[in-house]
Amino acid sequence: MTTKTETFTSTENPLSTNWDTAQNAGCKSTATGANASTSAGFPVSIWKTSDYTFNADQDSEVTINAIGAFDYAGCVVRYAATGGGVGYMLHYESDSTRLYLRRFSAGASAAQLALLTSADFSALANGDRIKLSISGTTLKIYKNGAQVGTDYTDGNVSSGQPGVAYQNGNSNVTRITVWTGTDAAGGGAAFNPVAVWFA
């Protein structure tokens with residue numbers, strides 16, 4: 001199993017040192033965390049394949065802080081820039097306590113696979129973590145390490161990289177402060193043996 005982690009503390013627009021832009025100009029980093037580089041669509045940045053190519057079974061987790069209204073911070077798995085952006089996205093809608101799991105194609109939502117509300121989980125507090133995991137065709141959602149909702153099935157996307165996602169719904173205040181990606185199967189193509197960076 002291989003893990004890649006980044007703590008967002010530097011200024012980088014868009015994310016580029018360890019990241020590739022996959023959709024809508026990508027995310028950016030500030031001294032207080034990552035957020036959207038643009039107000040258009042759902043910006044996505046994925047871990048550089050030149051550093052490490054993740055196997056199909058993978059996890060993507062973000063720590064969320066400074067939660068503001070109408071922001072949509074989250075993470076992606078099996079994502080690629082193909083056709084403008086394709087893969088699976090989990091994001092938190094801060095104003096109404098909702099978690100959305102969507103499959104994107106051509107940079108737009110192609111299918112909503114799950115919608116979790118306050119009946120399924122409690123609102124996120126600063127420092128909470130959400131994670132999206134995929135194994136085969138099964139996707140799972142976690143909050144602070146505990147699964148929420150049920151198992152979800154979709155077989156439309158077979159490969160890609162994990163990463164971060166963020167839609168600037170209104171305030172662009174919410175921050176992703178830490179991202180962790182895990183290659184659940186292990187044995188992906190490693191370019192650089194260093195597994196952890198601090199931006």
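Below is a short write-up of the structure. (Residues numbered from 1 in each chain as written. Predicted model: local features only at pLDDT ≥ 70, side-chain atom pairs only at ≥ 80, totals over all residues. Heavy atoms only, no water.)

## Remarks on the sheet that holds strand E5 (residues 44–47)
Line of reasoning, step 1. Spatial strand order, E2-E5-E15-E8-E9-E10-E11: seven strands in an open sheet with antiparallel pairing. At either margin of the open sheet sits one strand with a lone partner, and together these are strand E2 (19–23) and strand E11 (108–116). Neighbouring strand axes in the sheet, compared pairwise and without regard to direction, differ in orientation by 25° on average.
Line of reasoning, step 2. Two elements, strand E9 (residues 86–93) and strand E10 (residues 98–105), share seven bridges in a ladder whose sense is antiparallel. Looking across to E10, one finds that Glu93 is bridged to Arg98. (Pairing = 2+ DSSP bridges. Helix = DSSP H or I, 4+ residues; strand = E, 2+ residues; numbered from the N terminus. Axes fitted to C-alpha atoms, helices over the stretch in contact; angles between N-to-C directions.)

## Looking at the side chain of Lys143
Line of reasoning, step 1. Topologically, Lys143 is positioned in strand E13 (residues 138–143).
Line of reasoning, step 2. Within the buried core, Lys143 has no salt-bridge partner, and the shortest N-O distance to an opposite charge, that of Asp128, equals 4.1 Å.
Line of reasoning, step 3. Separated by 2.5 Å, the side chains of Lys143 and Ser122 make a polar contact.
Line of reasoning, step 4. Setting aside anything within four residues of it in sequence, one finds Lys143 in contact with Phe121, Ser122, Ala123, Leu124, Asp128, Arg129 and Val148. (Buried < 20%, exposed > 50% of the residue type's maximum accessible area, 1.4 Å probe, protein only. Lys, Arg positive; Asp, Glu negative; His and termini not counted. Salt bridge = Lys/Arg side-chain N within 4 Å of Asp/Glu carboxyl O. Polar contact = N/O pair within 3.5 Å; in protein donor to acceptor, adjacent residues only side chain to side chain. Contact = heavy atoms within 4.5 Å.)

## Observations regarding the pattern of salt bridges
Line of reasoning, step 1. One pass over the structure, following the stated rule, counts five salt bridges.
Line of reasoning, step 2. The partner of Arg78 in a salt bridge is Asp57, with the nearest N and O atoms 3.5 Å apart. Here the residue Arg78 occupies a position in strand E8 (residues 72–80), and Asp57 occupies one in the loop between strand E6 (52–53) and strand E7 (58–65), the gap between them amounting to 21 residues.
Line of reasoning, step 3. Residue classification places Asp57 among the partly exposed positions, given a relative accessible area of 23%.

## Focus: the pairing of E9
Line of reasoning, step 1. A large share of E9 lies buried, amounting to seven of its eight residues.
Line of reasoning, step 2. As paired elements, E8 and E9 share seven bridges and run antiparallel to each other. Residue pairing for E9: Val77 is matched across the bridge by Tyr88.
Line of reasoning, step 3. Where E8 folds back onto E9 in an antiparallel hairpin, the turn is made up of five residues, including Gly83, whose phi is positive at roughly 65°.
Line of reasoning, step 4. What sits between E9 and E10 in their antiparallel hairpin is a turn of four residues, with Thr97 showing a positive phi close to 50°.

## Here's the deal with the side chain of His91
Line of reasoning, step 1. Tracing the sequence through the fold places His91 in strand E9.
Line of reasoning, step 2. His91 gets classed as buried once you look at its relative accessible area, which sits at 1%.
Line of reasoning, step 3. Reaching out from His91, the side chain makes a polar contact with the side chain of Arg102 at a distance of 2.9 Å.
Line of reasoning, step 4. Once residues lying within four places of it in the same chain are set aside, the contact partners of His91 are Phe42, Tyr72, Ala73, Gly74, Arg98, Leu99, Tyr100 and Arg102.

## Brief notes about the packing of aromatic side chains
Line of reasoning, step 1. Enumeration over the complete set of coordinates arrives at seven aromatic pairs.
Line of reasoning, step 2. Here Trp19 and Trp179 contribute two aromatic rings whose centre-to-centre distance is 4.9 Å and whose plane-to-plane angle is 70°, an arrangement assigned as edge-to-face. Of this pair, Trp19 sits in strand E2 while Trp179 sits in strand E16 (residues 175–183); the two residues are 160 residues apart in sequence, bridging distant segments of the chain.
Line of reasoning, step 3. Look at Trp179 and you get buried, because its relative accessible area is 0%. (Phe/Tyr/Trp six-rings, centres within 6.5 Å; stacked < 30°, edge-to-face > 60°.)

## Concerning the environment of Ala184
Line of reasoning, step 1. If you trace the backbone, Ala184 turns up in the loop between E16 and strand E17 (189–190).
Line of reasoning, step 2. With relative accessibility at 42%, the residue Ala184 sits in the partly exposed group.
Line of reasoning, step 3. In this structure, the C-alpha to C-alpha distance between Ala184 and Met1, residues 183 residues apart in sequence, is 5.6 Å.
Line of reasoning, step 4. Excluding anything up to four places from it in sequence, Ala184 contacts Asp57 and Gln58.

Treat this as a map of the structure, not an account of what it does.
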